Amino acid sequence: MTPVELKDLRDKENKAFDAMVSGKGTIDDWVQLSEAINLTWMFATNGVGHEAFVCCELAILEMEQTKERYNKTGKMGLTGTAIHAIKDVLEYAALQQVSVPRSDFEKMIDISL
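The present account deals with the structure reproduced in this document. (Residues numbered from 1 in each chain as written. Predicted model: local features only at pLDDT ≥ 70, side-chain atom pairs only at ≥ 80, totals over all residues. Heavy atoms only, no water.)

**A word on the packing of helix α2 (residues 27–45) against helix α3 (residues 53–73)**
In contact at an axis separation of 9 Å, α2 and α3 are set at 160 degrees when each is read in the N-to-C sense. Our classification of the angle between α2 and α3 gives roughly antiparallel. Where α2 crosses over α3, the two elements pack in a sense that is left-handed. Packed against α2, whose contacting residues are I27, W30, L33, S34, I37, T40, W41, A44 and T45, the element α3 presents F53, C56, E57, A59, I60, M63, T66, K67 and Y70 at the interface. (Axes fitted to C-alpha atoms, helices over the stretch in contact; angles between N-to-C directions. Helix = DSSP H or I, 4+ residues; strand = E, 2+ residues; numbered from the N terminus. Parallel < 35°, antiparallel > 145°, perpendicular 65-115°, else oblique. Left-handed = near helix turned anticlockwise from the far one by under 90°. Contact = heavy atoms within 4.5 Å.)

Below is the structure:
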């Protein structure tokens, strides 16, 4: 990805995160964050930023609970634990994305989606 594409991706992730934190998230926001978590998890399990793995696992569990709450209440928001875990994941994601060649990054995207 080009630097502009990476910035656009981070902007989308941050917008989705902000919406979810405020309790005004949408299904699209949930998907955007889930994709970011999944991609970060893929990098971590393949040795790039392996320390992100624990945050990703927690974020995955929290996103599952968020989905369950949404199905019951119709509102899409995050718990404090989810906020912390996903914020950490997004920080790791930004580091991972600039730490690998573009071809490796695109390969991880293909694998994770």
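**Considerations on the nonpolar core**
Grouped together as the largest cluster of nonpolar side chains are 19 residues, with contacts concentrated most on L33, I37, L78 and I86. Where this core is concerned, the elements lending two or more residues are α1 (3–21), α2, α3 and α4 (80–99). A total of 5 residues in this core trace back to one element, the largest contributor, which is α4. Ignoring anything within four residues of it in the chain, the contact list for I37 reads C56, A59, I60, M63, I86 and V89. Listed in part, the 9 residues of the second largest apolar core include L9, L39, F43 and I109. (Core = buried A, V, L, I, M, F, W, Y, C linked by side-chain atoms within 4.5 Å. Buried < 20%, exposed > 50% of the residue type's maximum accessible area, 1.4 Å probe, protein only.)

**Thoughts on the environment of F43**
Within the secondary structure, F43 is located in helix α2. Owing to a relative accessible area of 2%, F43 belongs among the buried residues under this scheme. Along the chain, F43 and M108 lie 65 residues apart, while their C-alpha atoms are 6.9 Å from each other. For F43, the residues in contact, after removing those within four places along its chain, are V48, Q96, V100, F105 and M108.

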